[in-house]
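Chain by chain, the residues:
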Amino acid sequence: MRLLQRGFWLGTLAGLALLGGCSVLGKQQPVLFEGKFSPGGRYYAYVFRETFIYSYSRKGGSSISQGTFTDKLQVIDTQTGAKLLDKPIAPKTFDCIYPRVADVNDHYVAVACSGTHSKAMAPAIFSIADRRITLDSAEVAKRSSVASVAEVGATDFRRSLSDPDAFIFEGQDGRLYRLDPATGQVQPTQAAVERVDQRMDEVLRGGLPRNFSEEGNTRKAFVRKFDGARSQDDFLDPKLLYFADSGEHESFPPATLIDGGFLVLSPQRKDDKQHLSLTLVDAGTLKTRWSTPLPQALPDWASRFETRQFVRQGGTLLIANSSQLLRVDLGSGQVTRNVALL
């Protein structure tokens, strides 16, 4: 049910007033739903939600809230840190009730849309140059002769291994189709593809360099097998970062060496996935070259901290988390840019 064209019923939900960590009634802290980098990291597009609670009651151990919400789209130029939209777009204005960023390239954002009852619709297209939606869901469905375009979710999008800027989705018939964002035309394709998020997911899957092992219980140190050398520091739940080259696939890839060192992502405290540190450990000496706390001002509304994204651009690392877009110099570990997403 739409309320005055400004939002939708949130319904009766336990604990909804805690969503934004603000007051029980009124405007809540916006929350980030998800976002994606373009293949080279030039742009970061994301969807966030603004919520207004106008009714709240508590009975026993549960709470009941009612209100409205509006999902909005924003895009950041990571080279400058500038947000492209002075007023983020609310896709509900063109009947895209539950928008998600399906894919991004250096010219367009493909927005996956759902209508009432969360039914998937045709994607909409945002033009980075024009700073607006140039093709809405209805127009894309109208222009295409392929029936499968009418029901495309964000998880249906794929990236071509040979042309990562292409917008490709898997239709309900199981076939792959390429969407031309300029015209809205859809054509079948036989491209070799991977999930859009696959490379993002792989970043935190880096294994130890050869001849290394982990030792310790709650905290882990890295130990070189042939001489027993031990890392200068130990870490809580360490994850090593791996950055695949284009077209490269490994089942158990070793961590990417950055000028002879490997990157370690680790919580600063037990059971706290919000406050993390990024550390560069020298693979030869096992000494810590630098260690940097990563700003993340706001908690993730669904505790999905592991969905943070990384893109390496030579000697720079881009990181998007639940509230910040960070640029980190890999030589010094310094955070050279910190953009608040919300």
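These remarks concern the structure in this document. It should be emphasised that the depicted structure is a prediction, and the values quoted were computed from it without experimental measurement.

1. Concerning the environment of P91
Along the chain, P91 turns up in the loop between β7 (82-83) and β8 (100-104). Taking relative accessible area as the criterion, P91 reaches 1% and is therefore assigned buried. Taking the C-alpha atoms as reference points, P91 and V47, 44 residues apart in sequence, are found 9.8 Å from one another. Residue contacts for P91: discarding those within four places in its chain leaves D71, K72, L73, C96 and P99.

2. Observations concerning the sheet that holds strand β27 (residues 324-329)
Strand order in the open sheet made by the four strands is β25-β26-β27-β28, with antiparallel pairing throughout. The sheet is open, and its two borders are formed by β25 (309-313) and β28 (335-340), each paired with just one other strand. Pairs of neighbouring strands in the sheet enclose a mean axial angle of 15°, with direction left out of account. Sheet topology places β27 next to β28; five bridges connect them, and they run antiparallel. Residue pairing for β28: L325 is matched across the bridge by V339.

3. Side note on the pattern of salt bridges
Taken as a whole, this structure holds 16 salt bridges when the rule is applied. In this structure, the salt-bridge partner of K72 is E50, at a minimum N-O distance of 3.0 Å. In this pair, K72 is assigned in strand β6 (residues 62-77) and E50 in strand β5 (residues 43-59), connecting sequence segments 22 residues apart. With a relative accessible area of 23%, E50 lands in the partly exposed category. Taken together, the shared-partner salt bridges connect R49, D71 and R100 into one network.

4. A closer look at the sheet that holds strand β10 (residues 124-127)
Spatial strand order, β8-β9-β10-β11: four strands in an open sheet with antiparallel pairing. Lying at the two open borders of the sheet, with one neighbouring strand each, are β8 and β11 (132-135). With strand direction ignored, the average angle separating the axes of adjacent strands in the sheet is 40°. Pairing geometry for strand β9 (residues 108-112) and β10, over four bridges, is antiparallel. Paired with V109 across the strands is F126, a residue of β10.

5. Quick look at the packing of aromatic side chains
Two aromatic rings, taken as a pair, are described by how far apart their centres are and by the angle between their planes. Throughout the structure, instances matching the rule amount to nine aromatic pairs. Aromatic pair F222 and F262: ring centres 5.4 Å apart, planes at 80°, arrangement edge-to-face. Residue F222 is found in strand β18 (residues 219-224), and its partner F262 is found in strand β22 (residues 261-267); the two are separated by 40 residues along the sequence. We note that F222, like F262, is buried. An aromatic cluster is defined as three or more aromatic residues linked by ring pairs; in this entry it consists of F37, Y44, Y46 and F48. In this arrangement the basic side chain of R49 is found over the ring face of F69, its NZ or CZ atom lying 3.7 Å from the centre.

6. With respect to unusual backbone geometry
Despite not being glycine, D237 shows a phi value in the positive range, around 40°. Relative to the helices and strands, D237 resides in the loop between β19 (235-236) and β20 (239-240). Judged by its relative accessible area of 42%, D237 is partly exposed. Positive phi is not limited to glycine here, since D259 has a value of about 50°. Mapped onto the elements of the fold, D259 is located in the loop between β21 (257-258) and β22. A residue is classified by how much of its surface remains accessible, and D259, at 69% relative accessible area, is exposed.

7. Focus on the pairing of β11
Pairing geometry for β10 and β11, over three bridges, is antiparallel. Bridge assignment links F126 to a residue of β11, and that residue is I133. Once β10 ends, the chain turns through four residues before running back antiparallel as β11, passing R131 with a positive phi of about 60°.

8. A look at the pairing of strand β13 (residues 167-170)
Remember that side chains alternate between the two faces of the sheet whenever the strand is regular. Examined bridge by bridge, strand β12 (residues 157-160) and β13 share two bridges and lie antiparallel to one another. Looking across to β13, one finds that R158 is bridged to I168. With antiparallel pairing between neighbouring strands as the criterion, β12 and β13 make up a hairpin whose turn holds six residues. Judged from the four bridges that link them, β13 and strand β14 (residues 176-179) form a sheet pairing that is antiparallel. Across the sheet, F169 pairs through a bridge with Y177, a residue of β14. Following β13, the chain reverses through five residues before pairing antiparallel with β14; G174 in that reversal takes a positive phi of roughly 85°.

Criteria and thresholds
- Residues numbered from 1 in each chain as written.
- Predicted model: local features only at pLDDT ≥ 70, side-chain atom pairs only at ≥ 80, totals over all residues.
- Heavy atoms only, no water.
- Helix = DSSP H or I, 4+ residues; strand = E, 2+ residues; numbered from the N terminus.
- Buried < 20%, exposed > 50% of the residue type's maximum accessible area, 1.4 Å probe, protein only.
- Contact = heavy atoms within 4.5 Å.
- Pairing = 2+ DSSP bridges.
- Axes fitted to C-alpha atoms, helices over the stretch in contact; angles between N-to-C directions.
- Salt bridge = Lys/Arg side-chain N within 4 Å of Asp/Glu carboxyl O.
- Phe/Tyr/Trp six-rings, centres within 6.5 Å; stacked < 30°, edge-to-face > 60°.
- Lys NZ or Arg CZ within 6 Å of the ring centre and 35° of its normal.

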